[in-house]
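Listed here are the chains, written in short residue letters.
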Amino acid sequence: MSQTLAFFKKEKRFKEPYDILLDGSFINWLLLNKRNRHHIAKALCGGNFHLVTTRCATQLQNDFKIHETKALKDLHISHVSCSHKKKMSAVDCILSKVKDGNPDGFFVATEDKQFVSHLQEFYLVPTITCFGKGMVLRKPSDYQKEALANEDVRENARGLRVGRRGLGPV
Ligand SMILES: [Zn+2]
């Protein structure tokens, strides 16, 4: 297992099988470069995973529809619901899935480097991105390290408060 995966795996929400949320750009990249689940497994360095996407996240590429059926079938990508009746941008839709500490433990795979930076700067999300014909699970950012450490502190504090409440009025 890679150090990066080991780091995230310490948190309960990132458990196997991991849900890797792909946007349309990443799915297109996989198809164009003939990359498959085997390559994703290699980038993760261990562990079982599901590949998922949302309707909003796959709408952006005009040529995507041509590939969609093939991609979903070949790569075993399933849809997770996102409850956006009116479709929103892939970025906004994905952010809505991972906000508030990413409780469902999604990994996000995207070709959009700016989006990766944004996720790493503000969200607790392991990210997979591509370079040339390769892909990589990005190391946790300073923000992510700090956020998880602070979360542990908050958890402990909550535990203490619950304990005290049991003893009488706070
Ligand atoms: Zn959506």
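Keep in mind that this is a model prediction, so the values were computed, not measured. (Residues numbered from 1 in each chain as written. Predicted model: local features only at pLDDT ≥ 70, side-chain atom pairs only at ≥ 80, totals over all residues.)

Student: I would appreciate a short explanation of the overall build of the protein in the present structure.
Tutor: In terms of regular secondary structure, the protein is built from seven helices and six strands. Going residue by residue from the N terminus, the α and β elements of the protein occur as α-β-α-α-β-α-β-α-β-α-β-β-α. Going through the 170 residues of the protein one by one, you find that 28% of them count as buried. For the protein, the share of sequence-separated contacts (at least 6 apart) that also reach a separation of at least 24 residues comes to 70%. (Helix = DSSP H or I, 4+ residues; strand = E, 2+ residues; numbered from the N terminus. Buried ≥ 20, exposed ≤ 12 C-beta atoms within 10 Å, placed from the backbone. Contact = placed C-beta atoms within 7 Å.)

Student: Is there a simple way to explain the sheet that holds strand β5 (residues 127–131) in this structure?
Tutor: Working definition: the strands of a sheet are paired by backbone hydrogen bonds and lie parallel or antiparallel to each other. Strand order in the open sheet formed by six strands is β3-β2-β1-β4-β5-β6, and the pairing between neighbours is mixed. Every interior strand has two partners, whereas the edge strands, β3 (77–79) and β6 (134–137), have only one. Neighbour to neighbour, the strand axes of the sheet diverge by 30° on average, direction disregarded. The strands touched by helix α3 (residues 37–44) are β1 (18–22), β2 (49–53), β5 and β6; relative to β6, the strand with the most contacts, the crossing angle is about 40°. Helix-sheet contacts for helix α5 (residues 90–98) involve β1 and β4 (106–109), and the interaxial angle to β4 is about 160°. (Pairing = 2+ DSSP bridges. Axes fitted to C-alpha atoms, helices over the stretch in contact; angles between N-to-C directions.)

Student: I'm lost on the pairing of β1 in this one. Help?
Tutor: Regular strands place their side chains on alternate faces of the sheet. Among the five residues of β1, four are classified as buried, and the element is accordingly described as predominantly covered. Pairing between β1 and β4: four bridges, direction parallel. Of the residues in β4, the one forming a bridge with Leu22 is Ala109.

Student: Please clarify how the environment of Gly134 should be interpreted in this entry.
Tutor: Note that Gly134 resides in strand β6. By the C-beta count within 10 Å, which is 12 here, Gly134 ends up exposed. Separated by 91 residues in sequence, Gly134 and Ala43 place their C-alpha atoms 8.4 Å apart.

Student: Help me out: how do you make sense of unusual backbone geometry in this one?
Tutor: With the exception of glycine, the majority of residues adopt a negative phi angle, and the majority of peptide bonds are in the trans configuration. Across the junction of Glu16 and Pro17, the peptide omega takes the value -10°, indicating a cis bond. Considering the arrangement of structural elements, one finds Pro17 in the loop between α1 (3–9) and β1. Look at Cys45: it is not a glycine, yet its phi comes out positive at around 60°. Following the sequence through the fold, Cys45 ends up in the loop between α3 and β2. Look at Ser83: it is not a glycine, yet its phi comes out positive at around 55°. The exposed category is assigned to Ser83, around which 7 C-beta atoms lie within 10 Å.

Student: Quick question: what am I supposed to make of the nonpolar core here?
Tutor: Side chains of nonpolar character tend, in soluble globular proteins, to be buried together. Ile20, Leu22, Phe107, Val108 and Val125 are the most contacted members of the largest nonpolar core, which totals 33 residues. Mapped by element, the contributors of at least two residues to this core are β1, α2 (24–32), α3, α5, β4, α6 (113–122), β5 and β6. Residues in contact with Phe107, not counting those within four places in the same chain, are Tyr18, Asp19, Ile20, Leu21, Val125, Pro126 and Ile128. (Core = buried A, V, L, I, M, F, W, Y, C linked by C-beta atoms within 7 Å.)

Student: Hey, could you run me through α5 in this one?
Tutor: Residues spaced three or four apart along an α-helix point in a common direction, a consequence of the helix completing one turn every 3.6 residues. Inspection of α5 places Ala90, Cys93, Ile94, Lys97 and Val98 among the buried residues, and these make up the whole buried set. Across the axial projection of α5, the buried residues extend over an arc of 130°, all falling on one side. Residues of α5 that are buried sit in contact with β1, α2 and β4. Positive phi appears at Asp100, one or two residues downstream of α5, with a value of about 55°. (Arc of directions from axis to C-beta.)

Student: Mind showing me how you'd approach the confidence of the model for the protein here?
Tutor: Predicted coordinates in areas of low pLDDT are best not read in detail. For the protein, per-residue confidence averages 85 on the pLDDT scale, and residues scoring 70 or more make up 86% of the total. When pLDDT is averaged over each element of the protein, β4 comes out on top at 97 and helix α4 (residues 64–74) at the bottom at 66. Confidence over residues 161–170 falls short of pLDDT 50; this stretch has two contacts with residues more than four positions distant or in other chains. (pLDDT = per-residue confidence, 0-100.)

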